[in-house]
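Summary of the model geometry
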Amino acid sequence: MKKKIVFIFTLGILTNFSYAQTDTIYEPKVKRVFPAIQLGGNKTGSWKGEAAFLLGLTNRSLKQTKTMTMIMHGPSIGCEMGRYLHAFRIAPKISYQYYTSFIGGRISLVDYMDDNLNNLYICPEAGISFGGFVNIFAGASFPVSDNKVADVNTFRLTANMNLLFFFFKKD
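Within every chain, residues take consecutive numbers counted from 1 along the sequence as written. Residues qualify for local features only when their pLDDT is at least 70, as the model is predicted, and side-chain atom pairs are given and counted only at 80 or more; totals for whole chains, interfaces and linings, by contrast, use all residues. With hydrogens and water stripped out, all remaining heavy atoms of the structure feed into the side-chain values.

Points about the overall build of the protein
- Helices and strands together make up the secondary structure of the protein, namely one helix and nine strands.
- In sequence order, the secondary structure elements of the protein are arranged as α-β-β-β-β-β-β-β-β-β.
- Categorising residues by exposure relies on relative accessible area from a 1.4 Å probe, with only protein chains included: less than 20% of the type maximum marks a residue as buried, more than 50% marks it as exposed, and the intermediate range marks it as partly exposed. The burial tally for the protein puts 35% of its 171 residues in the buried class.
- Look at the contacts in the protein between residues 6 or more apart in sequence, and 52% of them connect residues 24 or more apart.
- To be clear on the numbers: accessible area is Shrake-Rupley with a 1.4 Å probe, and residue cover counts the displayed protein chains and nothing else. Only carbon and sulfur atoms are counted for the fraction: they give 70% of the accessible area of the protein, which is about 10700 Å². Secondary structure elements follow DSSP: runs of H or I of four or more residues count as helices, runs of E of two or more count as strands, with numbering from the N terminus. When checking whether two residues touch, look at their non-hydrogen atoms; a contact exists if any pair is within 4.5 Å.

Structure follows, in structure tokens:
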């Protein structure tokens, strides 16, 4: 009986070592680039439209499908358009965005210009993302410069849509 137990114990240890010594081949990750046009609007006191060019980057394995890899991040450059300071104005904006299948976020630097006066705001946002295509974010607008725009509230609500180019092309 003791010989059987020692034999099974030894066989189990040798089996574990044999699995540990095998070489594992890892699937290489491929960086994909999905440029996109981002259209939407945000509410920072009053509704403003926004448009941007997004350079979406994603890493994925060759065996994964596109829906499994909707972890996308990247920079964007654009503008917000609307009425603030009693006139229609365009505010330049740069952002870095991160999306997964269900959640997302971004941080933006927006310049609500008034003639020669720059009113810089940093705007972190987080919220719900539907595969990186449609996003609903809530966040805040914090003034970075000494100038504060009366028409820009601290609370920020954003809804936008990313029109991803080349996403549906055949790999």
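Anyway, onward from the coordinates.
Section: the confidence of the model for the protein
- One number per residue, pLDDT, summarises how confident the predictor is, and it ranges from 0 to 100. In this model, the protein carries an average pLDDT of 79, and 71% of its residues clear a pLDDT of 70 or more.
- Least confident of the elements in the protein is helix 1 (residues 2-20), whose mean pLDDT is 56; most confident is strand 7 (residues 134-140), at 95.
- For the stretch residues 17-22, pLDDT sits under 50, and the model shows zero contacts to residues farther than four places along the chain or on other chains.

A closer look at the environment of Lys 43
- Within the element layout of this structure, Lys 43 appears in strand 1 (residues 29-43).
- On the accessibility criterion, Lys 43 (33% relative accessible area) is partly exposed.
- Separated by 110 residues in the primary sequence, Lys 43 and Asn 153 place their C-alpha atoms 8.6 Å from one another.
- When residues no more than four places from it in sequence are discounted, the contact partners of Lys 43 are Phe 155, Arg 156 and Leu 157.
- Any N or O atom pair separated by 3.5 Å or less is treated as a polar contact, with the protein-specific requirement of one donor-capable and one acceptor-capable atom, and with residues adjacent in sequence counted only for side-chain atom pairs. Within the structure, the side chain of Lys 43 is placed 3.3 Å from the backbone oxygen of Gly 45, a separation counted as a polar contact.

Quick notes on the side chain of Gln 38
- With respect to the helices and strands, the residue Gln 38 is situated in strand 1.
- Gln 38 gets classed as buried once you look at its relative accessible area, which sits at 2%.
- Polar contacts involving the side chain of Gln 38 include one to the side chain of Tyr 99, which spans 3.1 Å.
- If near-sequence neighbours (up to four positions away) are discounted, Gln 38 is found in contact with Glu 50, Ala 51, Ala 52, Gln 97, Tyr 99, Arg 106, Asn 160, Met 161 and Asn 162.

Side note on the pairing of strand 3 (residues 72-84)
- As judged from the 13 bridges shared by strand 3 and strand 4 (residues 87-99), these two strands associate in the antiparallel manner. Within strand 4, the position partnered with Gly 82 by the bridge is Arg 89.
- Taken together, strand 3 and the strand that follows it, strand 4, pair antiparallel across an intervening segment of two residues, in which Leu 85 is found at a positive phi of about 55°. Only strands joined by at least two bridges in the DSSP assignment are considered to pair.

Focus on unusual backbone geometry
- In this model, Leu 85 sits at a positive phi of 55°, which is unusual for a non-glycine residue.
- Mapped onto the elements of the fold, Leu 85 is located in the loop between strand 3 and strand 4.

Re the environment of Asn 153
- Inspection of the secondary structure puts Asn 153 in the loop between strand 8 (142-143) and strand 9 (155-164).
- Residues Asn 153 and Thr 44 lie 109 residues apart in sequence; the distance between their C-alpha atoms is 5.1 Å.

Side note on the nonpolar core
- If you look at the biggest cluster of nonpolar residues, it comprises eight residues: Tyr 84, Ala 91, Val 110, Tyr 112, Tyr 121, Cys 123, Val 149 and Val 152.
- Those residues within four positions of Cys 123 in sequence are excluded, and the remaining contacts are Arg 106, Ile 107, Ser 108, Val 110, Ala 140, Ser 141 and Arg 156.
- Here, the term nonpolar core denotes a set of buried Ala, Val, Leu, Ile, Met, Phe, Trp, Tyr and Cys residues that are joined through side-chain atoms within 4.5 Å. Grouped together as the second largest cluster of nonpolar side chains are seven residues, Phe 34, Ala 36, Met 72 and Tyr 99 included.

Quick notes on the pattern of salt bridges
- By definition here, a salt bridge exists when the distance from a side-chain nitrogen of Lys or Arg to a carboxyl oxygen of Asp or Glu is within 4 Å. Scanning the model with the defined rule gives seven salt bridges in all.
- Ionic pairing is found between Glu 50 and Arg 106, a salt bridge with its closest N-O pair at 3.0 Å. Taken as a pair, Glu 50 in strand 2 (residues 47-61) and Arg 106 in strand 5 (residues 103-111) lie far apart in primary sequence, 56 residues in all.
- Note on Glu 50: relative accessible area 4%, which makes it buried.
- Since its relative accessible area comes to 4%, Arg 106 is described here as buried.

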